[in-house]
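For reference, the chains in residue letters:
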Amino acid sequence: MVRVAINATDPDTAWRVRDALASHPLLGGATAQITVIASQHCVILEGWTVDDQVRQLAIRLARRAAGRCAVTMSLHSRQRQHA
């Protein structure tokens, strides 16, 4: 799930990044929990992804959608545990 933070000071950019992430099937449901926080100069991704590969995908998509804004992250990877 990808959502926009209440405290985003640039909601247009936040929603653009959120839409780019949410449209990818690997970033929905139980594979990621990401909150997008955007200001005029930077976009921050907070939350977790199931693994590093999904985390890298989220970062790539966010950078494309953010335009001139720098993208920083506080995303943690949760490795899948096999039963």
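Placed above this text is the structure.
On a predicted model such as this, the values are computed, not experimentally measured, just so you know.

What follows is about the state of the cysteines. All told, the structure shown has 0 disulfides when counted by the stated rule. Just so you know, Cys 42 is unpaired, no disulfide at all, and the nearest cysteine sulfur is the one on Cys 69, 7.5 Å from it. Using a relative accessible area of 24% as the deciding quantity, one classes Cys 42 as partly exposed.

The subject of this paragraph is the pairing of strand S3 (residues 42-49). Looking at chain direction, strand S2 (residues 32-38) and S3 are connected through 7 bridges and run antiparallel. Bridge assignment links Gln 33 to a residue of S3, and that residue is Trp 48. Counted along the chain from S2 to the antiparallel partner S3, the turn is 3 residues long. Bridge count for S3 against strand S4 (residues 70-77) is 8 bridges, and the pairing is parallel. Bridge pairing links Trp 48 to His 76 in S4. Handedness of the S3-helix H2 (residues 52-66)-S4 crossover: right-handed.

Along the chain, Leu 75 turns up in strand S4. Counting along the chain gives 69 residues from Leu 75 to Ile 6, while the straight-line C-alpha distance between them is 18 Å. Once residues within four sequence positions are removed from consideration, Leu 75 is found in contact with Ile 34, Leu 45, Glu 46, Gly 47, Trp 48, Arg 55 and Ala 58.

With that settled, consider the nonpolar core. Grouped together as the largest cluster of nonpolar side chains are 25 residues, with contacts concentrated most on Val 17, Leu 21, Leu 27, Ile 34, Val 36, Val 43 and Leu 45. Elements that contribute at least two residues to this core include exactly strand S1 (2-4), helix H1 (11-22), S2, S3, H2 and S4. It is H2 that provides the largest number of residues to this core, a total of 7 residues. With residues near it in sequence (within four places) discarded, Val 36 still touches Val 2, Arg 3, Val 4, Ala 5, Ala 14, Val 17, Arg 18, Leu 21, Val 43, Ile 44 and Leu 45.

The rules we used
- Each chain has its residues counted from 1, following the order in which its sequence is written.
- For this predicted model, a pLDDT threshold of at least 70 governs which residues receive local features, and a threshold of 80 or more governs which side-chain atom pairs are given and counted, while totals over whole chains, interfaces and linings are taken from all residues.
- Water and hydrogen atoms play no part in the side-chain values, which are based on all heavy atoms of the structure.
- Cysteine sulfur atoms that pair up within 2.5 Å are treated as a disulfide.
- Throughout, exposure labels follow a simple rule: accessible area from a 1.4 Å probe, protein chains only, divided by the maximum for the residue type, with under 20% read as buried, over 50% as exposed, and the rest as partly exposed.
- Should DSSP find at least two bridges between two strands, the strands are taken to pair.
- The way it works is that DSSP assigns letters per residue, a run of H or I at least four long becomes a helix, a run of E at least two long becomes a strand, and they are numbered from the N terminus.
- Throughout, right-handed denotes a crossover for which the path from the first strand over the helix to the second runs clockwise when the strands point away from the viewer.
- Should any heavy atoms of two residues lie within 4.5 Å, those residues are considered in contact.
- Residues enter a nonpolar core if they are buried and are Ala, Val, Leu, Ile, Met, Phe, Trp, Tyr or Cys, with the set joined through side-chain atoms within 4.5 Å.

All quantities given are derived from atomic positions and should not be read as evidence of function.
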